[in-house]
Amino acid sequence: MPRLPDEPLDLPGVPDGLVARPLREHRRDEHGALVEVRDRSGRRKLDLVMLTAPDEPPGDDPPAAPGAARPVAPGAAAPLAPGAAADDERWPATVPPATRGFVLGAGRRRWATVIDRFGEDAWPVACDLARAGIVRLVCAVDDRLAVATPRRWELTEPWAARVALGRGDRHADRERWQRRAELAVAALASSDPELAAALEEADPGGSSARILVCAAEDRLAGIVRDGPRAFSQAHFGDTKSHAHVDAVLRHSGVPTGTRQQLGVHRSQRLGVAGPVVLERTGATIEVARLDGLVELRADQPGLTLSVAPGAALVVVENLQAGEALTDRHRDLAVAYTAGMPSEASLSHLAALGEAAAHLAIAPDADAGGVRIAEAVLTRLGDATGQRAALLDVGAGPHRPSHPWRDDGPAKAALRRALPGPAAALARACLDRGYPVEQEATTIAAVEAWLARLGWTSATRH
């Protein structure tokens, strides 16, 4: 049965700066008219109140469904312009920008959900939001006719309308980027199939897809940028917001040659640690003499890498895991790919893998990790690739993450990998349905592999 807000009442427990409007219960009579529900003695019932700012219109009846935007009530303020909520002066100081998405994320929030988000600060924050006209608080009334336990909050009409308007803008923006991507994929299908495939796999709503769209359009126009920052400035208005363009393109499988032609390529690094020896122009460096991973510019002319006889080598994608393994096992050779390895890095990894007595590859358990594993295994060749252990870092205990969409780019990429050299990892990822990119899981997987070898940090086998 609908609840209609009534005129404010002076009740105990109403916070300063707010008024309490009773929410009267109504039913429809035989003619369809709303009639207030009273108790058996004919007295008006008072069990719920709505706390609002004094000048806030009482709102619609009945309250909107969770997540729904309500129409603006007569006399209410006009909807806020898109983007205004983020820096509008009406936001209370107790609600920093990082938490505003939670406030605007649903038309209605149960009080238990608010407590989960704000903890002990839930009540003062909610009251500040109500004073600012952003939410209305619905509270119970106790036997003494005083304001009691909060039940929920609801967005006021102007703010609910702003959220609805923002959603429409985001949907239209996503469609524009999707259309640009489709046009670029069609135009690049024959001239640059790797870039076209990367763009086709990307999630249209993500920042990586937008970078790929801009890169594809530059490629079609023959534009060469003066580095990643120039690319970011040209397409996104400042030099830093998307200055990681080379890393995005590399992780998406765009080859080095294309990134060089776009003017955004930066020499990729390869990290090494343990019993690895570097040689160049007659000079030799024993990496084991240095602590931690040593990151190298992989494409230096004349640079060669080798491992000590009998060494165990593990190739990792996770930097923190690589550092931890290096600290734990000084005699373990570790190679850190820094994302999708370049051609130079793959050549060095192939040389190390061929010389190592034991070899494991431990990328993240996601589409990017499968792509890295495919690249390394393909470069290793048949003999070395067959004895390499491809570790699934998601096989052990871990915390599940947000699942992939069934029709999303991650699952599509994993399905395409099923006939390839990293098929076992791709199948494991698909069976789980979510990515595993955790430092602890990588360390645990490598430790389990070393234990199966009977290898310890004090010995080499």
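Cut-off values and rules
- Numbering of residues starts from 1 in each chain and follows the order in which that chain's sequence is written.
- The predicted nature of this model means local features are confined to residues of pLDDT at least 70 and side-chain atom pairs, given and counted, to a pLDDT of 80 or more, with totals for whole chains, interfaces and linings taken over all residues.
- Processing note: side-chain calculations cover all non-hydrogen atoms of the structure and skip hydrogens and water entirely.
- Axis lines are fitted through C-alpha atoms, for helices just across the contact stretch, and the angle between N-to-C directions can take any value from 0 to 180 degrees.
- Think of it this way: any DSSP run of H or I at least four residues long counts as a helix, any run of E at least two long counts as a strand, and we number them from the N terminus.
- Reported orientations rely on four angle classes, namely roughly parallel under 35 degrees, roughly antiparallel over 145, roughly perpendicular from 65 to 115, and oblique for the rest.
- Throughout, a contact is declared for two residues whenever any of their heavy atoms are within 4.5 Å.
- Residue classes follow a fixed rule: Ala, Val, Leu, Ile, Met, Phe, Trp, Tyr, Cys and Pro count as nonpolar, while Asp, Glu, Lys and Arg count as charged, and any other residue, Gly among them, counts as polar.
- Classification of residues uses two cut-offs on accessible area relative to the type maximum, computed with a 1.4 Å probe and protein chains only: under 20% is buried, over 50% is exposed, and between them is partly exposed.
- Being paired, for any two strands, means DSSP has found at least two bridges between them.
- Here, the term nonpolar core denotes a set of buried Ala, Val, Leu, Ile, Met, Phe, Trp, Tyr and Cys residues that are joined through side-chain atoms within 4.5 Å.

A. Summary view of the packing of helix 3 (residues 111–118) against helix 4 (residues 122–131). At a minimum axis distance of 9 Å, the contact between helix 3 and helix 4 shows a crossing angle of 110°. Considering the angle they form, helix 3 stands roughly perpendicular to helix 4. Touching Trp-111, Val-114, Ile-115 and Phe-118 of helix 3 are Ala-122, Trp-123, Val-125 and Ala-126, all from helix 4. Taken together, the residues of the contact of helix 3 with helix 4 sort by class into eight nonpolar, no polar and no charged.

B. Spotlight on the environment of Val-315. Along the chain, Val-315 falls in strand 13 (residues 312–316). On the basis of relative accessible area, Val-315 is assigned to the buried category, the value being 3%. For Val-315 and Leu-352, which are 37 residues apart along the polypeptide, the C-alpha to C-alpha distance reads 10.0 Å. Apart from the residues within four sequence positions on either side, Val-315 is in contact with Ala-335, Thr-337, Leu-349, Leu-359, Ala-360, Ile-361, Ala-362 and Pro-363.

C. Layout of the sheet that holds strand 8 (residues 269–273). Taken together, the six strands give an open sheet; going across it, the order is 11-8-14-13-15-16, and neighbouring strands pair in mixed fashion. Looking at strand neighbours, the two that pair on one side only are strand 11 (294–297) and strand 16 (389–390), the edges of this open sheet. When strand 13 meets strand 14 (residues 333–336), the two strands line up parallel, connected through four bridges. Across the sheet, the residue bridging to Val-315 is Ala-335, located in strand 14. Against the sheet, helix 11 (residues 319–328) touches strand 8, strand 13 and strand 14, its axis set at about 165° to strand 14. The sheet contacts of helix 17 (residues 439–453) involve strand 13, strand 15 (358–362) and strand 16, and relative to strand 15 the element is tilted by about 160°.

D. Summary view of the nonpolar core. Val-314, Leu-332, Val-334, Val-370, Leu-414, Val-446 and Trp-449 are the most contacted members of the largest nonpolar core, which totals 38 residues. Counting residues per element, the ones that place at least two in this core are strand 13, helix 11, strand 14, strand 15, helix 13 (367–380), helix 15 (409–416), helix 16 (423–432) and helix 17. A total of five residues in this core trace back to one element, the largest contributor, which is helix 17. In this structure, Val-49, Val-114, Phe-118 and Trp-159 belong to the second largest nonpolar core, which totals 32 residues.

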